[in-house]
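Listed here are the chains, written in short residue letters.
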Amino acid sequence: MFTEDFAHALELYPHVLSSKKQVSALLRDMFPTQVLQVSLLSAAYDIGIVRGIQDAHDIDKSFAYRFEKRLVEECGLSFENASWAVETWCKGYGLQVLRKPCGISDEEESPQRAVQPNHVRGQVASTKMNTATVNLTASQERAVTTNSKRCVVVAGPGSGKTRVLTERIAYLIETQGVAPEKILAITFTNKAAGEMRKRIYDRLATRTTSVDVRTFHSFGLGLLRECNEYTGLSPNFEIASSSTVDRILTKTLSHHGQSIIGQKNLYRKAISNLKNGIKVASLPEIGKVFADYNRELRKEDLIDLDDMVYLPVQLLSKNEDVSNWVKSKYQHILVDEFQDVNEMQAQIFPYIIGVDTSFFFVGDDDQCIYEWRGARPKLLKRYANDNRSDTIYLEDNFRSQKGIVSISDLFIAHNSDRIPKRMNAKKHSAITGSEIKAVTSFNRFSSDFFEAAFIADEISRIIEAGKLRYDDIAILLRSNKMQGEAIRNALSNAEIPYSSTLSGDRLYDDFLTVLRTVKDFNKKGNLSKAINFPTRVMDGILYNELKEQFDLGEISSLEGLRFLANCPYDFEMASTFKARYKLLSELSPNSSSMKPSEIIAKLLEYYQSEDNVPADGISKIQKALHILEVAVEFENVSDDVPKLDLFLDYIYTALQSENNVSIEKGAVNIITCHKAKGLEFPIVFIPGVQVGIFPNDYFITTADKLEEERRLFYVSMTRAMERLYITSFDDPLKGSDRSEAIREGFIAEVPEVVQ
Ligand code: ATP
Ligand code: MG
């Protein structure tokens, strides 16, 4: 029965086999009673497999067997079904997994990565690094092995800056005998930090290194937690969600008079700018509002996202003991993407770099894309030109085809304020044939509909050619708000899977509040959101009743829910309400001994079992499944014991760094150009390259802003390894009164593309 259904499904939808997402959906349909376990396992293996064996193409028999065994043992599937499930899942990667007889012992399983001998901490392997194995150029090797206390590597995209940084970490540990915990590596996004950790693990062939790989935000947060006795925060302080920040700001502004409440957004921006060291326009009573707002946050034992950097700077500048402690903690500090360090982040360095610390950083001034948020690319230039720095320039591009390197070089030369660089393209294409017609192309369409249809057609054509997978392809959007809808529709119509992102989605905020409530039932202020997920059960009468009895900002979830659970009124959703109360109150005391994924799985399992969950509730549960996958990923990469509070810190720092928490395997990546920084994809589409969208109207009011916009386009183009598509469309709302040159915008600056 199962096999027949499956075969039929495949006949109808053969393309699902090349999409992990759709295979998962099929599996869920097939095992409705084990939805959570199957997806949990699937997610676990998704991460595990990528981490452990580098490339899905390496999936082997032992992997398939282990997965199969767990499905049988943990999900109670029959061997036959488990076998089908695994094979289906594996085919989602476009693989032919060999069916093998069950019964192989664990010892027989082949290790996925040979453990090399020289990885015992502190053991010195050789004094000269073996560049043959790691394949570095002479300049890269010089950077990797420098003895300088301050070394800066300035180089263009794809020249191996990130690679050099990770190789240096491996070199310090393996060849110089530096203890891993004496090394701090800082980057900007959780994704980049995860990628760096992975490269270090892979390079060192061990998962036990305790190199501290952080984003600025997670480093700051860690410091606040470790030194909370200096900050007035409790050890369990939390990061306020955006709705909590909104509530606290409204409350603060209401104390300063009605007239400024209407300017909430201006104040929110001003407070954020102040915390990032950015100048703010003067607003009435901004100083007092700033102080009061922070006081209100502290009253609830909360910090906001910007505080993750702002408060550590305060802490370090006021407490020499803390600063000296950090200085002695790390012997080597390495920073990637240094061009995007902002004023507040830059203030951390003097307090953590001691006289004996070696400071190594890499960057490219042409890729600074966060000046609008206070980044200071001049800092990179200053260090590069300072004769106390060992400054190394790399000139080879290993990422992109020659055509991509030359047009992006020509394009960025339109900026005036830059360190000039030369780039030699070294890449030889691994892909030849009809699927790659030309390295770069430009196409203009009569509307965004036709632009999107072209993109979908090209993707289908590339996939049909069989050499690339969906996740080899990225569509980079200048603006998620202005673009994306037409493209998502076109991909859906063509049944092309695409990735989803975590940031900016209110749903995540709601589900994270449920998790925060489970973490601490005594916490104040989380009540109504937690009980109303995924659907509203607290009606207006009940809410008013609660309001009459308590100051809602002041009562804990425990008090409020207990009161309501014992409420004498017979309200419509009473039974669901009580069941949810029971679930939360039972989970909460055990939350510190459970893995985050277990807690999330239990919650989702319960929500799924609720009677008559309406469609919007189901879609919320489906989306929250993504958080379950992130939790499994977190547990997989985390060196720490995976606890709910650490997971919440992880996910909030991920939201702050505005990055995808994970890029889905087997799906086309639709991401904003900002989020694509540091990444690379064989195929890149940049749609909407026209004045108004890219460059964005808002950003072309001054020459400085236009230069930043140009850098963003440069970053976008240089993500492409094999082929770059630039497209635009006629927009009747724009352009009639503009000169042709302005309408063409960036396209006019890359004339080689327009053919
Ligand atoms: P970006 O500025 O975009 O962050 P980057 O300078 O950090 O780029 P990397 O991501 O480190 O560049 O490297 C780009 C690609 O080139 C990677 O796929 C990397 O593995 C490869 N690469 C780097 N150095 C070499 C080398 N010496 N030989 C072959 N490939 C290399
Ligand atoms: Mg890089």
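Data block above holds the structure.
Basis of the calculations
- Residues numbered from 1 in each chain as written.
- Chains lettered and ligands numbered in written order.
- Predicted model: local features only at pLDDT ≥ 70, side-chain atom pairs only at ≥ 80, totals over all residues.
- Heavy atoms only, no water.
- Pairing = 2+ DSSP bridges.
- Helix = DSSP H or I, 4+ residues; strand = E, 2+ residues; numbered from the N terminus.
- Axes fitted to C-alpha atoms, helices over the stretch in contact; angles between N-to-C directions.
- Near = heavy atom within 4 Å.
- Polar contact = N/O pair within 3.5 Å; in protein donor to acceptor, adjacent residues only side chain to side chain.
- Areas by Shrake-Rupley, 256 points an atom, 1.4 Å probe, with all protein chains shown as cover.
- Buried < 20%, exposed > 50% of the residue type's maximum accessible area, 1.4 Å probe, protein only.
- Arc of directions from axis to C-beta.
- Contact = heavy atoms within 4.5 Å.

Asker: So, the sheet that holds strand 13 (residues 669–672): which residues are in play, and what are the values?
Answerer: Either a parallel or an antiparallel arrangement is found when strands of a sheet pair, and the pairing is made through backbone hydrogen bonds. Pairing is parallel across the open sheet formed by 5 strands, whose spatial order is 11-15-14-12-13. The open sheet is flanked by strand 11 (440–445) and strand 13, the only strands paired with a single partner. Averaged over all neighbouring strand pairs, the angle between strand axes comes to 20 degrees, with direction disregarded. Strand direction decides the pairing type here: strand 14 (residues 681–686) and strand 15 (residues 720–729), joined by 5 bridges, are parallel. Within strand 15, the position partnered with Ile683 by the bridge is Arg723.

Asker: Describe in detail the site of ligand 1, supporting the description with residues and values.
Answerer: Ligand 1 sits among 19 residues. The nearest are Lys161, Gln367, Arg399, Glu680 and Arg719. One of the side-chain N or O atoms of Lys161 is found 2.6 Å from an oxygen atom in ligand 1. For ligand 1, whose free accessible area comes to 640 Å², the fraction covered by protein is 86%. Top element by residues in the shell around ligand 1 is helix 8 (residues 161–174). It accounts for 3 residues.

Asker: Any details on helix 21 (residues 485–493)? Residues and values, ideally.
Answerer: Considered for burial, the residues of helix 21 that qualify are Ile487, Ala490 and Leu491. An end-on view of helix 21 places all buried positions within 95 degrees of arc, on one side of the element. Residues of helix 21 that are exposed and angled more than 90 degrees away from the buried face: Glu485 and Asn493. Following helix 21 by one or two positions, Glu495 has its phi on the positive side, about 55 degrees.

Asker: Any details on the environment of Ile475? Residues and values, ideally.
Answerer: One can find Ile475 in strand 12 (residues 473–477). Relative accessible area serves as the criterion here: at 0%, Ile475 is assigned to the buried category. In this structure Ile475 touches Ile455, Ile459, Ile487, Leu491, Val668, Asn669, Ile670, Ile671, Phe685 and Pro687, once residues within four positions along its chain are discounted.

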